[in-house]
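Listed below, chain by chain, are the residues.
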Amino acid sequence: MYVALSCFLKICGFSKLAELELNTNFSKIVLVGLTMHVLSTGIPELDRAIGGGLLEEGNLLILYDSYSYGWVLAFEILRNRINEGDFGVILDSVMPLTPLSMEVGVSGFNIEEEGRRGNLAVIDVLSSFYRIQLPEVDFVYYLPGVDAATFLPKYTEVYRKILKDKIKDRRPVGVTVTMDGFGFMFGEETFIRVFQNLIGVKEKAKMTEKRKRPLNIFLLNKGRASEKFVAWIALYSQYVIEFSSESPGTERMFVWKSPLPNFVPEREGYSFTFRRGEIRID
């Protein structure tokens, strides 16, 4: 939370309060004595658009509409970070494993393959919430009997187990599929409070644990959430990217927010195309 507040102060113009400085090769940022590394997304055009890369401990919010393929950006980043040695964690609130794998497979990311290789874990909250009994899969985790009141302790317990058994000394890269799914499942007001609590838990972990700090990517379909809900999630996201579909396969991408000093907003946005499994940003 402290890092997020420092980034917020910087964006608002209070640079002295944030005490933010960037080294010459843009590989790290110092926030009031805390060194935070800037990590590449693996997509050069995206790195340039957001000012250099993703800040560890940072949250990236990807907003998109019902016909957008902007969400595939999350899985391209995840694939690239796994290739750099990181570990993926998908937090799923909208689909059981089979339809989720089919949907995500459009992006070229193979959930089962990465799970079997030991590079990925899936926390299936949807099946847990509706008490759907599914065959055990080594990389899929459940939160038995979960509801709004028990989500945080159950999630924390399972995440600790994944850290110990799977992630170990690797960097976790989380993709939430989707934030609006959690808003629907638990109620938006309730989930915002749960999410605030989770932010605090993560801040405490950062102060007490010595391990590689995570990246978090939140997917949010604007058509399935209220403006108030979007505003709250955007508040806790250091990066905000929005997609608007114009025609099949062609969209506009807008980068609204980044904590990096090199970030220069592009008023007209960027052209984003996704064809035959390939992403192009111009």
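Residues numbered from 1 in each chain as written. Predicted model: local features only at pLDDT ≥ 70, side-chain atom pairs only at ≥ 80, totals over all residues. Heavy atoms only, no water.

Strand order in this open sheet of 10 strands is E8-E7-E6-E9-E10-E5-E11-E12-E13-E14, and the pairing throughout is mixed. Two strands bound the open sheet, and with one partner strand each, they are strand E8 (140–141) and strand E14 (278–281). Both strand E5 (residues 59–64) and strand E10 (residues 215–221) contribute to a ladder of six bridges, which runs parallel. Pairing of Leu-60 across the sheet is with Ile-217, part of E10. Strands strand E6 (87–92), strand E7 (120–124), E8 and strand E9 (172–177) of the sheet are contacted by helix H8 (residues 151–167), whose axis makes an angle of about 155° with E6. (Pairing = 2+ DSSP bridges. Helix = DSSP H or I, 4+ residues; strand = E, 2+ residues; numbered from the N terminus. Contact = heavy atoms within 4.5 Å. Axes fitted to C-alpha atoms, helices over the stretch in contact; angles between N-to-C directions.)

A separate point is the packing of H8 against helix H10 (residues 188–208). Look at H8 against H10: their axes get within 10 Å of each other, and the N-to-C directions meet at 35°. Between H8 and H10 lies a crossing whose hand is right-handed. Contacts between H8 and H10 pair Phe-151, Leu-152, Tyr-155 and Arg-160 from the former with Val-194, Asn-197, Leu-198, Val-201 and Ala-205 from the latter. In terms of residue class, the contact of H8 with H10 is made up of seven nonpolar, one polar and one charged. (Left-handed = near helix turned anticlockwise from the far one by under 90°. Nonpolar A, V, L, I, M, F, W, Y, C, P; charged D, E, K, R; others polar.)

This part covers the environment of Arg-224. Mapping Arg-224 onto the fold places it in the loop between E10 and helix H11 (227–235). Taking C-alpha positions, Arg-224 is 8.8 Å from Asp-65, a pair spaced 159 residues apart along the chain.

Summary statistics for the protein give a mean pLDDT of 89 and a share of 89% for residues scoring 70 or more. Note on residues 1–6: pLDDT under 50 across the span, and 15 contacts to partners over four residues away in sequence or across chains. Counting interchain partners and residues more than four positions distant, the pLDDT-below-50 stretch residues 8–26 has 33 contacts. (pLDDT = per-residue confidence, 0-100.)

The next thing to look at is the nonpolar core. By size, the foremost hydrophobic cluster in this structure holds 49 residues, and its most contacted members are Leu-73, Phe-75, Ile-111 and Met-253. Looking at this core, the element that brings in the most residues is helix H4 (residues 72–83), giving seven residues. For Ile-111, the contacting residues outside a window of four places in its chain are Ile-90, Leu-97, Leu-100, Ser-101, Val-104, Leu-120, Val-122 and Phe-139. Listed in part, the 39 residues of the second largest apolar core include Ala-121, Tyr-141, Phe-186 and Ile-199. (Core = buried A, V, L, I, M, F, W, Y, C linked by side-chain atoms within 4.5 Å. Buried < 20%, exposed > 50% of the residue type's maximum accessible area, 1.4 Å probe, protein only.)

Turning next to H4. With 12 residues, H4 extends 17 Å between its outermost C-alpha atoms, agreeing within 8% with the 16 Å of an ideal straight helix rising 1.5 Å per residue. Across the 12 residues of H4, 10 count as buried, placing the element largely inside the fold. Every buried residue belonging to H4 is among Val-72, Leu-73, Ala-74, Phe-75, Glu-76, Ile-77, Leu-78, Asn-80, Arg-81 and Ile-82, and all of these are buried. (Expected span 1.5 Å × (residues − 1).)

Let's shift gears to the packing of aromatic side chains. In the structure shown here, the tally under the stated rule is 19 aromatic pairs. On the basis of an interplanar angle of 80° and a centroid distance of 5.5 Å, the ring pair of Phe-195 and Phe-218 is categorised as edge-to-face. With Phe-195 in helix H10 and Phe-218 in strand E10, the pair connects residues that are 23 residues apart, well separated along the chain. (Phe/Tyr/Trp six-rings, centres within 6.5 Å; stacked < 30°, edge-to-face > 60°.)

What follows deals with the pairing of strand E11 (residues 239–247). Inspection of the sheet shows E5 paired to E11 by four bridges, in the parallel sense. Looking at E11, one finds that Ile-62 is bridged to Ile-241. One ladder, built from seven bridges, connects E11 with strand E12 (residues 250–257); its direction is antiparallel. Bridge pairing in E12 links Phe-243 to Met-253. The loop that links E11 with its antiparallel partner E12 comprises two residues; one of these, Gly-249, has a positive phi angle of about 90°.

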